[in-house]
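One-letter residues, chain by chain:
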Amino acid sequence: MVTMVVCHPRPESFTHAAAGRVRAALLADRHEVRLHDLYVERFDPVLRADEYLRKFSLDDRVQEYYRDLTESDGIVVLHPDWWGMPPALLVGWIDRVFRPGIAYEFEGYEFGPKRKVPLLSGKRALVFCTTDADRSGSGGARHPLVRLWRDTVFGYCGVEARVKLFYRFRDSTPAERERWLTSAARTARGLFAVPSADTPEL
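Per-chain numbering applies: the sequence of each chain, read as written, is numbered from 1 onward. Local features in this predicted model are restricted to residues of pLDDT 70 or higher, and side-chain atom pairs are both shown and tallied only at a pLDDT of 80 or more, whereas totals for entire chains, interfaces and linings draw on every residue. Here the side-chain values reflect all heavy atoms present in the structure, with hydrogen atoms and water set aside.

J.: Give a description of the nonpolar core that names residues and reports values.
T.: In this structure, Leu38, Leu90, Trp93, Phe98, Trp149 and Phe154 are the most contacted members of the largest nonpolar core, which totals 33 residues. Secondary structure follows DSSP: runs of H or I at least 4 residues long count as helices, runs of E at least 2 residues long count as strands, and numbering of each begins at the N terminus. Counting only elements with at least two residues in this core, the list comes to helix H3 (60-71), strand S3 (74-80), helix H4 (88-97), strand S6 (124-130), helix H6 (144-153) and strand S7 (160-166). In terms of residues, this core owes the most to one element, H4, which gives five residues. Any two residues having at least one pair of non-hydrogen atoms within 4.5 Å are treated as being in contact. Aside from chain neighbours lying at most four places away, what touches Phe98 is Leu69, Trp93, Ala103, Tyr104, Leu120, Val153, Phe154 and Cys157. Buried residues of nine kinds, namely Ala, Val, Leu, Ile, Met, Phe, Trp, Tyr and Cys, make up a nonpolar core once their side-chain atoms join them within 4.5 Å. Working definition: with a 1.4 Å probe on protein chains only, accessible area under 20% of the residue-type maximum means buried, over 50% means exposed, and in between means partly exposed. Core analysis: the second largest hydrophobic core is formed by 21 residues, Phe128, Trp180, Leu181 and Ala184 among them.

J.: Account for the sheet that holds S6, naming residues and giving values.
T.: Two strands qualify as a pair provided DSSP detects at least 2 bridges between them. A sheet is described by the order of its strands in space; here five strands give the open sequence S2-S1-S3-S6-S7, paired in parallel fashion. Every other strand in the sheet has two partners, leaving strand S2 (33-37) and S7 as the edge strands with one partner each. If you compare each strand with its neighbour and ignore which way they point, the axes differ by 15° on average. Sheet analysis places S6 next to S7, joined by seven bridges and oriented parallel. Opposite Phe128, over in S7, you have Lys164 as the bridge partner. Relative to the sheet, helix H1 (residues 14-28) contacts strand S1 (2-6), S2, S3, S6 and S7, its axis offset from that of S1 by approximately 170°. With respect to the sheet, H6 is in contact with S3, S6 and S7, its orientation differing from that of S7 by roughly 160°. Note on geometry: axes are C-alpha line fits, over the in-contact stretch for helices, and angles between N-to-C directions span 0 to 180 degrees.

J.: Help me get a handle on the side chain of Thr131, residues and values and all.
T.: Turning to its location among the elements, Thr131 is positioned in the loop between S6 and helix H5 (135-138). Two N or O atoms form a polar contact when they lie within 3.5 Å of each other; inside protein one atom must be a possible hydrogen donor and the other a possible acceptor, and for residues adjacent in sequence the pair counts only when both atoms belong to side chains. Looking at Thr131, its side chain comes within polar contact range of the main-chain nitrogen of Ala133, at 3.1 Å. Not counting residues within four places of it along the chain, the set of residues in contact with Thr131 comprises Asp81, His143, Leu165, Phe166, Tyr167, Arg168 and Phe169.

J.: Let's hear about the packing of H3 against H4: which residues, and what values?
T.: At their nearest, the axes of H3 and H4 sit 10 Å apart, and the two run at 80° to each other. In terms of orientation, H3 and H4 fall into the roughly perpendicular class. Contacts between H3 and H4 pair Val62, Tyr65, Tyr66 and Leu69 from the former with Trp93, Arg96 and Val97 from the latter. Class assignment of the residues belonging to the contact of H3 with H4 gives a composition of six nonpolar, no polar and one charged. Reported orientations rely on four angle classes, namely roughly parallel under 35 degrees, roughly antiparallel over 145, roughly perpendicular from 65 to 115, and oblique for the rest. Polar here means any residue outside two lists: the nonpolar Ala, Val, Leu, Ile, Met, Phe, Trp, Tyr, Cys and Pro, and the charged Asp, Glu, Lys and Arg; Gly therefore counts as polar.

J.: Mind laying out the environment of Glu105, listing which residues take part and the relevant values?
T.: As for its position among the elements, Glu105 is in strand S4 (residues 104-107). A relative accessible area of 29% means that Glu105 is categorised as partly exposed. Residues Glu105 and Ala25, 80 residues apart in the sequence, show an inter-C-alpha distance of 34 Å. Within the structure, Glu105 has its side chain in polar contact with the backbone nitrogen of Gly101 (distance 3.3 Å).

Coordinates in, geometry out; function isn't part of it.
Below, the structure written as structure tokens:
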């Protein structure tokens, strides 16, 4: 199963077009896909004090995200680059969903040193993001969104993640955007490919 999380306020955006293309490709490969559009679902991004102290949400919607996150083999996130960060709504989703006991845990004696235990190991993630940044200026592993998703969020929880940025988006042509859509679908199919029953075990 693959969980998809889309965060863009405009349904006609390239982000939504990419989500549709990726979802169709995964369904064609017979994956179960659970799609969450945070704007459509009117997700509340605020992590309140009681939920923070409890380390668990009693909200039905957040519990649904918990289940999808833990049950999925793959995760796909699609969003625009806003000030070198995901939209605040998506940051709030991370705050409320990637919680202790769900995404990671700390083990050790009370009042003693603790060690972090990632709880999502074995999963793979793919992030697609549009940005007006130039590849030569802040591209590759130096872009803050690459570090955020690959190392800070997914890496912290044991998830192997790839981040695909669509650079100079504002200046892109319709032909370029169509190539990007095709590339996004191809990348997702490759990352989440299901081994053939005829493939011999090594």
